[in-house]
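Observations on the model geometry
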Amino acid sequence: MSIDLAVSFTGIRFENPFLLSSAPPTESESNILRAFEAGWGGVVTKTIGMHPVVNVAGPKTKFLRTQPETGMLSMNRGRTGVLHSSWNWELISDKPLDWWVPRIARIKKAFPDRALIASIMAGSGSDKELEHWRTLARACQEQGADGLELNLSCPHMDREDMGSNIGKDQALCSYVTQVVKEVATVPVWAKLTPATADIVLEAGAVFRGGADAVVSSNTFPSLPLIDAESLDFEMNVDGYVSSGGLGGPAILPLSMAKMAQMTHAYPERSFSGIGGISDFAHALNYFLLGCGTVQVCTAAMLDHAVGPNVIKRLVSSLRDFLEKNAHRGWTRLEDFRGLRCDRVVAHSQIRRPDEAGYQGGYEPQEGYAEPVHS
Ligand SMILES: Cc1cc2nc3c(=O)[nH]c(=O)nc-3n(C[C@H](O)[C@H](O)[C@H](O)COP(=O)(O)O)c2cc1C
């Protein structure tokens, strides 16, 4: 039996299930071409919008690292230590649609067999804003984009009718999806925000609007730490800071929890998992929870900006995994996708010890005081 790394996700063929997510690794034509050369199965462009974008003064992204021996956790103490997370307050692409249009066409011409998904974003507060969604969708698909990803999740947005503020409103995210679906000739994915109480509700809303897949997670709303010496936020402009997004290793378990809720509620639907992936072992979590593709940002940023080593490792480890599990008859992702979905259950369904094994809550455990028997 021969191994097949390719997947069909929402009807789009990907050479492998590993995509670069919408972020700095996919902000330019040269990055995307390098990404395809490196072997990424697909690329989601940096989000394209219609309104002018001006980023904050100074750095847009920093990386928190920890020194396990001292407990240090900082984004400003050099590049040694263990990566904890990325923190960013970068806006969507500062390049206008006109800039992207010829580039999408050129990228598709250079790599006709690779999947290019255009991430798009507009507002929702007026007919003009809704028309922007249609304009963006038409322009990108006309240039050959294989799919559209709706950014309903940008966490740093003051506008009430944009980004995660759409994603937090079931009616709005359903309606925006429907508006795009009416003009779309390619599959439409909805990227949801993890910053809601029950993401299953927003997933249901975008599916009702016609979404072909849900993508999760975008970054989690968060602040940079305050420096104990200067008492300033580690990232600030003129002393001021605003809520930004946390990505990287720290969010893998958080994002998995969101994903498990959705794949459990909608087992027949398509999901693309994002959050904290740098290795196949990380990606496997999402596959076993039912995802048909996964996307990577932070790890790729830290590996020559587009992740050439990350993708090599992901592809070779998927191949090794399939070879190791050939005895189970697994030759492709579909053979083990969703295998652990049904293992996430209500707390009350988790087995309790029987009487003989129960020590009244005094079992020795890391993080708890030594049992005292009185
Ligand atoms: C600097 C930066 C910029 C980002 N820009 C976008 C964006 O324009 N559109 C979008 O949908 N997500 C954006 N993201 C979110 C990522 O695509 C991804 O969802 C998130 O970083 C979690 O993945 P990770 O843990 O692999 O970093 C951005 C993330 C970072 C770090």
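Residues numbered from 1 in each chain as written. Predicted model: local features only at pLDDT ≥ 70, side-chain atom pairs only at ≥ 80, totals over all residues. Heavy atoms only, no water.

This next bit is on the overall build of the protein chain. A count of helices and strands for the protein chain gives 10 helices and 16 strands. A compact globule built from 374 residues should have a C-alpha radius of gyration of about 21 Å, and the protein chain, at 22 Å, falls within 12% of that. Across its three principal directions, the C-alpha atoms of the protein chain cover 75 × 60 × 40 Å. Burial analysis of the protein chain (374 residues in total) assigns 53% to the buried set. Within the protein chain, contacts between residues at least 6 apart in sequence are counted, and of these 70% link residues at least 24 apart. Roughly 17500 Å² of accessible area belongs to the protein chain as shown, and the carbon and sulfur atoms make up 51% of that amount. Across the protein chain, the centroid of the 35 positively charged side chains sits 5 Å from that of the 42 negatively charged ones. (Helix = DSSP H or I, 4+ residues; strand = E, 2+ residues; numbered from the N terminus. Rg over C-alpha atoms; globule rule 2.2 N^0.38 Å. Buried < 20%, exposed > 50% of the residue type's maximum accessible area, 1.4 Å probe, protein only. Contact = heavy atoms within 4.5 Å. Areas by Shrake-Rupley, 256 points an atom, 1.4 Å probe, with all protein chains shown as cover. Lys, Arg positive; Asp, Glu negative; His and termini not counted. Charge placed at Lys NZ, Arg CZ, Asp CG, Glu CD.)

A word on the sheet that holds strand β13 (residues 220–222). Taking strand neighbours across the sheet as the criterion, the 5 strands line up as β7-β6-β8-β14-β13 in an open arrangement whose pairing is antiparallel. Of all the strands in the sheet, just β7 (72–74) and β13 have a single pairing partner and so form its edges. The mean inter-strand angle of the sheet, taken between neighbouring strand axes irrespective of direction, is 30 degrees. Across 6 bridges, the pairing between strand β6 (residues 61–67) and strand β8 (residues 82–88) is antiparallel. The residue of β8 that forms the bridge with F63 is S86. (Pairing = 2+ DSSP bridges. Axes fitted to C-alpha atoms, helices over the stretch in contact; angles between N-to-C directions.)

Let's shift gears to the layout of surface pockets. In this structure, the largest pocket encloses a volume near 660 Å³. A23, S86, C297, T298 and M301 are the residues nearest the centre of the largest pocket, which is lined by 43 residues in total. Sorting the residues of the lining of the largest pocket by element identifies β8, β10 (147–151), β16 (293–296), α9 (298–301) and α10 (308–324) as the ones contributing at least two each. Taken together, the residues of the lining of the largest pocket sort by class into 17 nonpolar, 20 polar and 6 charged. Computed from the structure, the second largest pocket encloses a volume of approximately 260 Å³. Lining the second largest pocket are 14 residues, with H156, M157, D158, S242 and S243 sitting closest to its centre. Of the residues in the lining of the second largest pocket, the class split is 7 nonpolar, 5 polar and 2 charged. (1 Å grid on protein atoms, 1.4 Å probe; cavity = no way out; pocket = protein on both sides within 12 Å on 5 of 7 lines; lining within 4 Å. Points joined across faces, edges and corners; volume = space filled by probe spheres on them. Nonpolar A, V, L, I, M, F, W, Y, C, P; charged D, E, K, R; others polar.)

On to a positive patch on the surface. Together, K324, R328, R340 and R343 make up a region of like positive charge exposed at the surface. If you trace the backbone, R328 turns up in the segment after α10. (Patch = residues over 30% accessible without salt bridge, like charges linked within 9 Å, V, L, I, M, F, W, Y side chains within 5 Å. Salt bridge = Lys/Arg side-chain N within 4 Å of Asp/Glu carboxyl O.)

We now examine the site of the ligand. Around the ligand lies a shell of 24 residues, among which S22, T47, G248, G276 and T298 are the nearest. Within the contact set of the ligand, a nitrogen atom lies 2.8 Å away from a side-chain nitrogen or oxygen of K46. Contacts to the ligand include S217, whose backbone N or O atom sits 3.0 Å from an oxygen atom. Taking 610 Å² as the accessible area of the ligand by itself, protein coverage stands at 98%. (Near = heavy atom within 4 Å. Polar contact = N/O pair within 3.5 Å; in protein donor to acceptor, adjacent residues only side chain to side chain.)

Core analysis: the biggest nonpolar cluster contains 92 residues, and F18, W40, W133, L152, L314 and F336 have the highest contact counts within it. At 7 residues, α10 tops the list of elements feeding residues into this core. Excluding residues that lie within four positions of it along the chain, W133 makes contacts with I120, M121, A122, G123, L150, N151, L152, I166, V176, V179 and V180. Counting residues in each nonpolar core, the second largest holds 8 residues, with M75, W89, L246 and I251 among its members. (Core = buried A, V, L, I, M, F, W, Y, C linked by side-chain atoms within 4.5 Å.)

On to the packing of aromatic side chains, then. The full count for this structure, using the stated rule, is 14 aromatic pairs. Summarising the aromatic geometry, the rings of F207 and Y266 are spaced 5.3 Å apart at their centres and angled 65 degrees between planes, so their arrangement reads as edge-to-face. Of this pair, F207 sits in helix α6 (residues 199–208) while Y266 is found in the loop between α7 (252–265) and β15 (270–274), placing the two residues 59 residues apart along the sequence. The class for F207 is buried, based on a relative accessible area of 6%. Among the residues examined, Y266 registers a relative accessible area of 24% and is labelled partly exposed. Aromatic pair F321 and F336: ring centres 4.9 Å apart, planes at 65 degrees, arrangement edge-to-face. (Phe/Tyr/Trp six-rings, centres within 6.5 Å; stacked < 30°, edge-to-face > 60°.)

Such coordinate-based values are descriptive only and should not be taken to indicate function.
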